[in-house]
Amino acid sequence: MPSPRAAWRIDRAGSLDRLRLVEEPLEPPGPGEVRVAIRAVGLNFADAFACLGLYSATPRGSFVPGLEAAGTVDAVGAPLPGRPLPAVGDRVIVLTRFGGYATAVNVDSRYLTPIPAGWSFEAGAAFPVQALTAWYGLVRLGAVGAGSTVLVQSAAGGVGLQALAVLRRLGAQPVAVVGSQAKIDYLAAQHGLAAELLLLREPRGYAAALDAALRARGARGFDVVFDAVLGRWFRPAFARLAPEGRYVLYGAADFMPSGTRRGWTRLAWRWLRRPRLDPLEMISQNRALLAFNLIWLWESVERVPAAYAELAALELPAPHIGACYPFAAAREALLELKAGQTVGKSVLLVNPSA
Ligand SMILES: NC(=O)c1ccc[n+]([C@@H]2O[C@H](COP(=O)([O-])OP(=O)(O)OC[C@H]3O[C@@H](n4cnc5c(N)ncnc54)[C@H](OP(=O)(O)O)[C@@H]3O)[C@@H](O)[C@H]2O)c1
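Just so you know, these numbers come straight off a predicted model, no measurement behind them.

1. Focus on helix α1 (residues 45-52)
Alright, step 1. A large share of α1 lies buried, amounting to seven of its eight residues.
Alright, step 2. Along α1, the residues that are buried comprise A46, D47, A48, F49, A50, C51 and L52.
Alright, step 3. Contact partners of the buried residues in α1: β1 (3-10), β2 (19-26), β3 (33-42) and α12 (330-338).
Alright, step 4. The first or second residue beyond α1 is G53, which carries a positive phi of 75 degrees.

2. Considering the domain arrangement of the protein
Alright, step 1. Looking at the protein, the domain boundaries give domain 1 (3-127 + 318-349) and domain 2 (130-295).
Alright, step 2. Between domain 1 and domain 2, the C-alpha centre-to-centre distance is 27 Å.
Alright, step 3. Contacts between domain 1 and domain 2 engage 31 residues on the former and 24 residues on the latter.
Alright, step 4. Of the roughly 2,000 Å² buried between domain 1 and domain 2, counting both surfaces, carbon and sulfur atoms make up 58%.
Alright, step 5. One can count one salt bridge joining domain 1 with domain 2.
Alright, step 6. Put simply, D17 and R261 hold a salt bridge, and the shortest N to O gap is 3.7 Å.
Alright, step 7. At the boundary of domain 1 with domain 2, the tally comes to nine residue pairs in polar contact (both at pLDDT 80 or more).
Alright, step 8. When residues of the side of domain 1 that touches domain 2 are traced back to their parent elements, those giving at least two are α1 and α12.
Alright, step 9. Per-element tally for the side of domain 1 that touches domain 2: the top contributor is α1, with four residues.
Alright, step 10. When its residues are assigned to classes, the side of domain 1 that touches domain 2 shows 16 nonpolar, 10 polar and five charged.

3. Some words on the side chain of N106
Alright, step 1. Mapped onto the secondary structure, N106 falls in strand β6 (residues 104-108).
Alright, step 2. Engagement of the side chain of N106 in a polar contact is seen with the backbone oxygen of E27, the distance being 2.7 Å.
Alright, step 3. When near neighbours in sequence (up to four residues on either side) are disregarded, N106 contacts L26, E27, P28, P29, E33, V34 and R35.

4. A word on the sheet that holds strand β9 (residues 173-178)
Alright, step 1. Taken together, the six strands give an open sheet; going across it, the order is β10-β9-β8-β11-β12-β13, and neighbouring strands pair in parallel fashion. Bordering the open sheet on either side are β10 (198-200) and β13 (288-291), each of which pairs with just one other strand. On average, each strand axis in the sheet is tilted by 20 degrees relative to the strand beside it, whichever way the strands run.
Alright, step 2. Bridge count between strand β12 (residues 241-249) and β13: four bridges; the pairing is parallel. From the neighbouring strand, V248 faces β13, where its bridge partner is L290.
Alright, step 3. The sheet strands contacting helix α6 (residues 206-217) are β8 (149-152), β9, β10 and β11 (222-227), and the helix crosses β9 at an angle near 160 degrees.

The rules behind these values
- Residues numbered from 1 in each chain as written.
- Predicted model: local features only at pLDDT ≥ 70, side-chain atom pairs only at ≥ 80, totals over all residues.
- Heavy atoms only, no water.
- Buried < 20%, exposed > 50% of the residue type's maximum accessible area, 1.4 Å probe, protein only.
- Helix = DSSP H or I, 4+ residues; strand = E, 2+ residues; numbered from the N terminus.
- Contact = heavy atoms within 4.5 Å.
- Domains from an automatic or database assignment.
- Buried area = accessible area lost by both parts, 1.4 Å probe.
- Salt bridge = Lys/Arg side-chain N within 4 Å of Asp/Glu carboxyl O.
- Polar contact = N/O pair within 3.5 Å; in protein donor to acceptor, adjacent residues only side chain to side chain.
- Nonpolar A, V, L, I, M, F, W, Y, C, P; charged D, E, K, R; others polar.
- Pairing = 2+ DSSP bridges.
- Axes fitted to C-alpha atoms, helices over the stretch in contact; angles between N-to-C directions.

Next comes the structure, spelled out in structure tokens:
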């Protein structure tokens, strides 16, 4: 028998104004699946890009946004050979290839991992996407090691704070870039970064600030740049990669429109002015550009358990939750996230009193 659920659905991508809260039936979980009663949903910048239709992986037609959540196992489907299922009542983190903005979801059990002991549902929901992004970009692609000097763009955002946590575990040296003085103050107070290693992203003086940070670190260049902003900030940082340096690019927040719609003219202008690199120069300068979209992991579900295990081995702390919103306020929460002022993770709460 299908059970009822509430979900935020968008009939087709293009505008955040099209997001609607609907009641709809959810089929029982199929073989190898579990149904999770969701208690908290993690918001991602990519959710806004998906609703606007600016994310390459956006489903065609009607879809429910959302890449991650946390809750309790509420029903299990028939087991499949070699794939043990969790028990009803287990507290779990869940990755969803879209579909997380709902009060219940059915997922392949390999997308689940237990919520670490002592963590809240909010912390669980806030964790997997941004921590996996930081792990994959910095560990797998960036090959960051002890003592590496790493420039982190948007260091006070969800991925940014996870990147700082990963760098701390690896014994690397961060230089943090953010878009506002309030975020600099937050990072100075909470992460103890010295003033010369905290940079405000403003056009005038950006290159000189990068040089000053490198001097303060005693480094001849950045071993790794971890960036999801792109735009005019790309070239000055790429030019300051050390020989063998790796620029890890995983997003383009600079393309985010300011309103609820796409704004084609501004987007076209940004696209025409996007940075370009000459591969021959990259050889002679001994600098690399690596780019990724973690959606590949959602599409290779058989690789998810190993990725969760590598992440668990880092023993990262519970993520910083910057803002919690009621489930009914998803649109407002996305608008605030999209405006670029949030610190840490934004989370939707489902049935907080249950
Ligand atoms: N490739 C992947 O697999 C992958 C996975 C997860 C996330 N991402 C990307 O990683 C980035 C961070 O994601 P998140 O979910 O953790 O979000 P977030 O960092 O909490 O928020 C995004 C940040 O982008 C910065 N930003 C720069 N230009 C902006 C603009 N024009 N409008 C709005 N914000 C702007 C803002 O911080 P500052 O102003 O302080 O820089 C903003 O807070 C996003 O670009 C996202 O798309 C990529």
